[in-house]
Amino acid sequence: MSSPALVSLGWDATRARAFAAFTDQTLVPARVARVDRGGCDTLTAAGPLRCSYGANVLAEPPCTGDWVAARCWPDDRVTVEAILERRTLLSRLTVTPGQSKSQPLASNVDVVFVAGAVPDPDLGRIERLLAVVWESGARAVVLLTKADLAGSAIDVLLDDVREIAGDAPVHGVSAPTGLGLAELRAELPDGHTAALLGASGVGKSTIANALVGAELLPTAVLRADGKGRHTTVTRELVPLPGGGVLIDTPGLRSIGVNVAASTVDRVFADIEELAAGCRYRDCAHDAEPGCAVWEAIERGELRERRLLSWRKLMREARYERERSQARARAELRRRQKRKKQDDQQTRLRARP
């Protein structure tokens, strides 16, 4: 149950105890490496297994990174029967007409490499990805990829990213030159899981291949309009030499966030620190007199772009919180109505 192969994938004593609750001897622990419409590919102590879904998980199937209980049937079928509790869950908000829902990206991730690329890293996107990572419970490390193309400007670009990265480490990396790869490997001891997040074209798959030591994942150059191509189309978990695993994800064109206001505060810790000096406790940092945030902008200590990004993320966090509360109230009303109807039926049946 605790074979070296499983331990390298992230199996530990806590997961072993959780799995021990299953008394069915036909179940084996497995980690989900890839999910598609027909089922999922998993990794086990005995090697890879292709799984379909049992009735218990059909409604909410696993995502890449999940630990599952898989049943091996006499006819060689393998089915996922249960999903072990997730320690972390990376997800983004997807919006369709009339509704929004959370889309799982990867689970049980210890550290997330948030990737931006030279010469013009999208700072607003990095801020949003940091919110997604910290809301999940994982650690964040920010990568500035293709660093070899920046020349002497790399130090300035790294400083710009460090200004918004909070307590997340920031590394310049380059797969062709090997710059920064040793630092990334140091973030991934045996048994740990990393995920790569970023837009298409920032070089995530190139970095992943460099860490794996083989061309396992497809790569592509930017399109003629400078936008990235989707070279990774599914989330895929890949074991690394020396232990640990890496999950590469498709490029995210849009990043809907469903995070707590406290997570936004963490992403914008500099604004929160400045806000403590505002004249009014409920200062919106707009046109109020004595606003310490605007005073910092006027002194050149804080970029106005940063404040605008804070406002946008805070609005989204507030909006999603209100939607969640409204859904909870509607569900409570439905339950109360159903209970009332059930009580009326019970009374009618009890009449002589």
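Along each chain, the written sequence defines residue order, and numbers are assigned to residues from 1. Local features in a predicted model are, by the rule used here, given only for residues with pLDDT of at least 70; side-chain atom pairs are given and counted only at 80 or more, and totals for whole chains, interfaces and linings are based on all residues. The side-chain quantities take in all heavy atoms of the structure and omit both hydrogens and water.

Enquirer: Outline the nonpolar core, listing residues and values.
Expert: Throughout, nonpolar core names a set of buried Ala, Val, Leu, Ile, Met, Phe, Trp, Tyr and Cys residues whose side chains join them through atoms within 4.5 Å. The buried label goes to any residue with under 20% of its type's maximum accessible area, the exposed label to any with over 50%, and the partly exposed label to all in between, with areas taken from a 1.4 Å probe on protein chains only. Counting 66 residues, the largest nonpolar core has Leu90, Val112, Leu130, Val133, Val142 and Val264 as the members making the most contacts within it. Helix and strand labels come from DSSP, where a helix needs a run of H or I of at least four residues and a strand needs a run of E of at least two; each type is numbered from the N terminus. Ranked by the residues each element gives to this core, the list is headed by helix H3 (residues 123-136), at eight residues. Any two residues whose heavy atoms approach within 4.5 Å at even a single point are treated as in contact. Contacts of Leu90, omitting those with residues within four sequence positions, involve Gln103, Pro104, Leu105, Ala106, Val109, Val112, Val132, Val133, Ser136, Ala195 and Leu197. Of all hydrophobic cores here, the second largest spans 18 residues; its members include Phe113, Ile207, Ala208 and Val212.

Enquirer: Break down the pattern of salt bridges for me, citing the residues and quoting the values.
Expert: Put simply, a salt bridge is a Lys or Arg side-chain nitrogen that is within 4 Å of an Asp or Glu carboxyl oxygen. Taken as a whole and judged by the stated rule, the model has 22 salt bridges. Its salt-bridge partner being Glu163, residue Arg303 comes within 3.9 Å of it at the nearest N-O pair. A residue pair is termed long-range when its members are at least 10 positions apart, and Arg303 in the loop between helix H9 (292-298) and helix H10 (304-350) and Glu163 in helix H4 (residues 154-164) qualify at 140 residues. Given a relative accessible area of 42%, Arg303 falls into the partly exposed group. Among the ionic pairs, Asp286 bridges to Arg311, the shortest N-O distance being 3.7 Å. Taken as a pair, Asp286 in the loop between helix H8 (269-275) and H9 and Arg311 in helix H10 lie far apart in primary sequence, 25 residues in all. Linked by salt bridges that have partners in common, Arg34, Asp36, Asp41 and Arg50 make up one network.

Enquirer: So what's going on with the side chain of Lys204? Which residues, and what values?
Expert: Relative to the elements of secondary structure, Lys204 occurs in helix H6 (residues 204-212). We count Lys and Arg on the positive side and Asp and Glu on the negative side, and we leave His and both chain ends out. Although buried, Lys204 forms no salt bridge, and the nearest oppositely charged side chain, Asp248, lies 5.1 Å from it.

Enquirer: For unusual backbone geometry, give the residues involved together with the corresponding values.
Expert: Residue Pro119 is reached from Val118 by a cis peptide bond, and omega for that bond is 5°. Summarising the element assignment, Pro119 is placed in the loop between strand E8 (111-117) and H3. With a phi angle near 55°, Asn108 is a residue other than glycine that sits in the positive phi range. Judged by its relative accessible area of 4%, Asn108 falls in the buried class. Positive phi, normally seen in glycine, also occurs at Lys146, with a value near 60°.

Enquirer: Any details on the packing of H3 against H10? Residues and values, ideally.
Expert: Between H3 and H10, the shortest axis-to-axis distance is 11 Å and the interhelical angle comes to 40°. With respect to their mutual orientation, H3 and H10 come out oblique. Judged by the sense of rotation from one axis to the other, the crossing of H3 with H10 is right-handed. Residues Leu123, Gly124, Glu127 and Arg128 of H3 form the contact with H10, whose own contacting residues are Arg305, Arg306, Ser309, Lys312, Leu313 and Glu316. All axes are obtained by fitting lines to C-alpha atoms, using only the stretch in contact for helices, and the reported angles, taken between N-to-C directions, cover 0 to 180 degrees. Angles are sorted into four bins: roughly parallel if under 35 degrees, roughly antiparallel if over 145, roughly perpendicular if 65 to 115, and oblique for all others. By convention the crossing between two helices is left-handed if the near helix lies anticlockwise of the far one by an angle smaller than a right angle, and right-handed if it lies clockwise.

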